[in-house]
Amino acid sequence: MQKTEGEESKAENEEVKQVTLMTSDGVKMKVEISIVYEMEIVRSFIEVNDADHSVPFPLPNVSSHTLDLIIELVKNEYDDEFMKTFSHDELKEVLVAANYLNMKTLLDFIATAIANLLEKKSVEFIRNFFNIVNDFTPEEEAEIRKTNEWVFQDLDED
Amino acid sequence: MASKDEKKCDSTKSDTAAEEGVDMISDLPDGVICHILSFLPTIDAMKTSVLSSRWRYLWTSVFTLRFYDYNFYREPPMLHEEKEEVISNIFAGRRVKSIKRLSIMGASRNTLSPVMVSTLLSEAVSQKVEEINFHYRMYLPFYTLPNSLLTCQTLKSLKLSFRFQMFLNPMLSIRLPSLKLLHLILFKDSGCMAWFIRGCPALEELLYKDLFIIKNQCSRYYMKNITFPYYLKKLNHDQYLDKKREHIDSLHPPTQVGNMPDLVQAVVNVKFGEECASMFFNVIRQTRFLTLSCHTIKTMLMPSVGVGFPEFLNLVHLHICLCNIRFDFLIKLLAKCPILGSLEIFHNELPYSSISFVFDDWESCTYSSDNSEHREVEAEWTRLTRPITCLSSHLTAFTFRGCGLSQDDLQFIKFILENAKEILGNKILSNQSILALLDGGFVLD
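Because the structure is a prediction, the values reported are computed rather than measured. (Residues numbered from 1 in each chain as written. Chains lettered and ligands numbered in written order. Predicted model: local features only at pLDDT ≥ 70, side-chain atom pairs only at ≥ 80, totals over all residues. Heavy atoms only, no water.)

**Re the overall build of chain A**
For chain A, the helix and strand inventory stands at eight helices and four strands. For chain A, with 158 residues in total, the buried portion stands at 46%. (Helix = DSSP H or I, 4+ residues; strand = E, 2+ residues; numbered from the N terminus. Buried < 20%, exposed > 50% of the residue type's maximum accessible area, 1.4 Å probe, protein only.)

In structure tokens, the structure reads:
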């Protein structure tokens, strides 16, 4: 994947079809059409308008760094190991971007990974792990636990 | 709900926490958090309600319900009444009144009773369910699916996996007009398959497997009832049979009419009787993707199968699992696939769980490398001169995975590489074995 400044006419003649995307920080990136097609929001636009692929498609909510990560993830066929190298911030940005771009496979992939971190864990463990600040008073928390008492009774493993 | 005053004093705390480590998850949009929660068992999703006020009601807007048996594991064991109460609390607590997907996995005593399961299924149908995954491995003979499920208008995907016989009421008819995907993993078919298929006019993808046939001798009765709808797009027919079954010919061909013109993908793990293999392959000959298991290949080696074996005119991707193959057969198969673009061979390793069976089975098999027929074919192999269309014009990807390559393997790899080298170019998906070969100067030029 290359970043380009200004040249827009070449794209169509390339052997591998590419679409130019413009990220929130103003970077134009040429992306293979197979990857772009996973982005439902872009795909539907291209298909409906039969658009000139060289005109940059604006993605005001996605930074170039995030788009880089997404493209690498897709190219690596959603490699777990690669995703583990992400910082928390990066993971979150990719998740939000995947949601915005409507990339179903990517969204499911990351959501499943996060869900696996939550599964079978105690409330305290999850709070610590994600740095979630408990803003309930002890009384409030006790009350919530009481409404579904049984749910919190299990053998927590941390 | 938390009162606002109390939250304010906590907000200073939250700032300091943010400096030390940022909450990576709570400020995601509701929709994204609910999507994450949809991958959790519902009981675990409910637990998040106590994390913080942000999370208090998020679980109530999740469109997926999942119940796994380990969620109900307690010491001492839970009473039925307790489980029922949990379920009714879940339904009472949910804000969204629609269920997109319902998953029930039960394999132990902790799981839900059949009555509760039926209640869940019926409730899901009334909330316009689109997807049901129902894996139940408890021994519960004669379970009956609720009637409402069998006439659900919204259901698009149904995966049933039972370890007991499903009881069918022949007076009921199935009407599932939206159903596109059906997985039936059953114990003793007793007509289930045929019964289901009749009520699914929109079906595109079918996986069918009868556990009883795997474990026991197959009787004509069960196999007779298999009918695949002609309008399928994807078919996974998995019917691996026990090696001790003696009367292979009694395995009745699937009763087929015509072929499947829309078929795109077929996964075949069936040990056919001699007379029905050609018939079956004729039915699926339009497919673009084809996966054949080791023992399916083995049945295809039977002499009579070669006669009347169809051409796969649309086949683009062929994936084969092999053990101790005869490559002359493979080459004949390739000659039947004129536009094949990608060939994947897994040698001596199977993605199927029945792997040990397969090997046992092969040992006792009559096709051994030293019978006279094989030697004859070997001679034929070296004489092969007619070009194979797909090799000379279409094949762009070739994968061969295996350990411990035999002379035959090497010969076959060499054959493919030599005959398809112009098109394969640099795109050979090499594995270590092939790399080793290339290093050893074994192939090409």
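Having seen the model, we can carry on.
**Regarding the packing of helix α5 (residues 88-101) of chain A against helix α6 (residues 104-118) of chain A**
Residues and elements named next belong to chain A. Relative orientation of the contacting elements α5 and α6 amounts to 140°, with a least axis distance of 9 Å. With respect to their mutual orientation, α5 and α6 come out oblique. Classified by chirality, the crossing of α6 by α5 is left-handed. Between α5 and α6, the contacting residues are Leu91, Val94, Leu95, Ala98 and Asn99 on the first element and Leu106, Leu107, Ile110, Ala111 and Ile114 on the second. Considered class by class, the residues forming the contact of α5 with α6 number nine nonpolar, one polar and no charged. (Axes fitted to C-alpha atoms, helices over the stretch in contact; angles between N-to-C directions. Parallel < 35°, antiparallel > 145°, perpendicular 65-115°, else oblique. Left-handed = near helix turned anticlockwise from the far one by under 90°. Contact = heavy atoms within 4.5 Å. Nonpolar A, V, L, I, M, F, W, Y, C, P; charged D, E, K, R; others polar.)

**Focus on the UniProt feature "domain: SKP1 component dimerisation" (unreviewed entry) in chain A**
When the UniProt feature table is mapped onto this chain numbering, "domain: SKP1 component dimerisation" (unreviewed entry) sits at residues 104-150 of chain A. Along residues 104-150 of chain A one finds 70% helix and 0% strand; the C-alpha atoms at either end are 34 Å apart. (UniProt positions renumbered as here; feature names shortened; annotations may be inferred.)

**With respect to the layout of surface pockets**
Where empty space is left in the structure can be found by rolling a water-sized probe over the atoms. For the largest pocket, the calculated volume is near 530 Å³. Contributing to the lining of the largest pocket are 20 residues, with A:Lys104, B:His35, B:Thr64, B:Lys100 and B:Arg101 lying nearest its centre. Broken down by secondary-structure element, the contributors of at least two residues to the lining of the largest pocket are α6 of chain A together with α2 (30-37) of chain B. Across the lining of the largest pocket, the residue classes break down as five nonpolar, eight polar and seven charged. (1 Å grid on protein atoms, 1.4 Å probe; cavity = no way out; pocket = protein on both sides within 12 Å on 5 of 7 lines; lining within 4 Å. Points joined across faces, edges and corners; volume = space filled by probe spheres on them.)

**What about unusual backbone geometry?**
Positive phi outside glycine occurs at A:Glu77, with the angle close to 55°. As for its placement among the helices and strands, A:Glu77 is situated in the loop between α3 (64-75) and α4 (80-84).

**As for the pairing of strand β10 (residues 317-322) of chain B**
Residue and element names in this part refer to chain B. Summarising burial for β10: six of the six residues are buried, a large majority. Residues His317, His319 and Cys321 of β10 are buried on one face, and the alternating residues Leu318, Ile320 and Leu322, pointing to the opposite face, are buried as well. Sheet analysis places strand β9 (residues 289-292) next to β10, joined by four bridges and oriented parallel. Its bridge partner being in β10, leucine 290 is matched across the sheet by leucine 318. Across six bridges, the pairing between β10 and strand β11 (residues 342-347) is parallel. Across the sheet, the residue bridging to isoleucine 320 is isoleucine 345, located in β11. (Pairing = 2+ DSSP bridges.)

**Some points on α2(B)**
Those residues of α2(B) lying buried are B:Val32, B:Ile33, B:Cys34, B:Ile36 and B:Leu37. Packing partners of the buried residues in α2(B) comprise α5 and α6 of chain A together with α3 (42-47) of chain B.

**Quick word on α3(A)**
All names here are of chain A. The terminal C-alpha atoms of α3 lie 16 Å apart, and with twelve residues this matches the ideal 16 Å at 1.5 Å per residue to within 8%. Within α3, the full set of buried residues consists of Ser64, Thr66, Leu67, Leu69, Ile70, Ile71, Leu73 and Val74. Within two residues after α3, glutamate 77 carries a phi angle of roughly 55°, on the positive side. (Expected span 1.5 Å × (residues − 1).)

**Things to note about the interface of chain B and chain A**
On the side of chain A, 40 residues touch chain B, which itself brings 44 residues to the contact. Carbon and sulfur atoms make up 69% of the area that chain B and chain A hide from each other, which totals about 3,800 Å². Connecting chain B to chain A are zero salt bridges. The tally of links from chain B across to chain A stands at seven residue pairs in polar contact (both at pLDDT 80 or more). Counting residues per element, the ones that place at least two in the side of chain B that touches chain A are α1 (4-20), α2, α3 and α4 (80-93) of chain B. Among the elements that line the side of chain B that touches chain A, the one with the most residues is α1(B), at five residues. Residue composition of the side of chain B that touches chain A, by class: 25 nonpolar, ten polar and nine charged. (Buried area = accessible area lost by both parts, 1.4 Å probe. Salt bridge = Lys/Arg side-chain N within 4 Å of Asp/Glu carboxyl O. Polar contact = N/O pair within 3.5 Å; in protein donor to acceptor, adjacent residues only side chain to side chain.)

**Some words on the side chain of B:Ser113**
Relative to the helices and strands, B:Ser113 resides in the loop between β2 (101-106) and α5 (114-126). For B:Ser113, the residues in contact, after removing those within four places along its chain, are B:His80 and B:Tyr136.

**Re the pattern of salt bridges**
Tallied over the entire structure, the rule returns nine salt bridges over all chains. A salt bridge links A:Glu141 to A:Arg127, with the nearest nitrogen and oxygen atoms 3.3 Å apart. Separated by 14 residues along the polypeptide, A:Glu141 in helix α8 (residues 138-147) and A:Arg127 in helix α7 (residues 123-130) bring together distant segments of the chain. Given the relative accessible area of 12%, A:Glu141 is considered buried. Across the salt bridge formed by B:Glu130 and B:Lys156, the nearest N and O atoms sit 3.8 Å from each other. Here the residue B:Glu130 occupies a position in the loop between α5 and β3 (131-136), and B:Lys156 occupies one in the loop between α6 (147-150) and β4 (157-162), the gap between them amounting to 26 residues.

**Some details on the environment of A:Lys17**
All names here are of chain A. Tracing the sequence through the fold places lysine 17 in the loop between β1 (2-4) and β2 (18-23). Look at lysine 17 and you get partly exposed, because its relative accessible area is 44%. Distance from lysine 17 to glutamate 141, taken between C-alpha atoms, is 55 Å for residues 124 residues apart in sequence.

**So, the packing of α4(B) against α5(B)**
All names here are of chain B. In the contact formed by α4 and α5, the axes pass within 11 Å of each other and the chain directions differ by 10°. As the angle between them shows, α4 and α5 are arranged roughly parallel. Two secondary-structure elements touch here, α4 through His80, Lys83, Glu84, Ile87 and Phe91 and α5 through Met116, Leu120 and Glu123. Class assignment of the residues belonging to the contact of α4 with α5 gives a composition of four nonpolar, one polar and three charged.

**A word on the state of the cysteines**
All names here are of chain B. Scanning all chains against the criterion turns up zero disulfides over all chains. Not engaged in a disulfide, the cysteine cysteine 200 finds its nearest cysteine sulfur in cysteine 152; these two sulfurs lie 11 Å apart. Unpaired in this structure, cysteine 390 has its nearest cysteine sulfur neighbour in cysteine 337, at a distance of 6.3 Å. Given a relative accessible area of 0%, cysteine 390 falls into the buried group. (Disulfide = S-S within 2.5 Å.)

**A look at the packing of aromatic side chains**
The full count for this structure, using the stated rule, is ten aromatic pairs over all chains. Three or more aromatic residues link up through ring pairs in this structure, and these residues are A:Phe125, A:Phe129 and A:Phe130. Above the face of the A:Tyr37 ring, A:Arg43 is positioned so that its terminal group lies 4.4 Å from the ring centre. In this structure, B:Lys100 packs its charged tip against the face of B:Phe63, placed 5.7 Å from the ring centre. (Phe/Tyr/Trp six-rings, centres within 6.5 Å; stacked < 30°, edge-to-face > 60°. Lys NZ or Arg CZ within 6 Å of the ring centre and 35° of its normal.)

**A word on the nonpolar core**
Counting 156 residues, the largest nonpolar core has B:Leu102, B:Phe134, B:Leu145, B:Phe196, B:Ile284 and B:Phe412 as its most contacted members. Broken down by element, the residue count for this core peaks at eight residues, all from α6(A). (Core = buried A, V, L, I, M, F, W, Y, C linked by side-chain atoms within 4.5 Å.)

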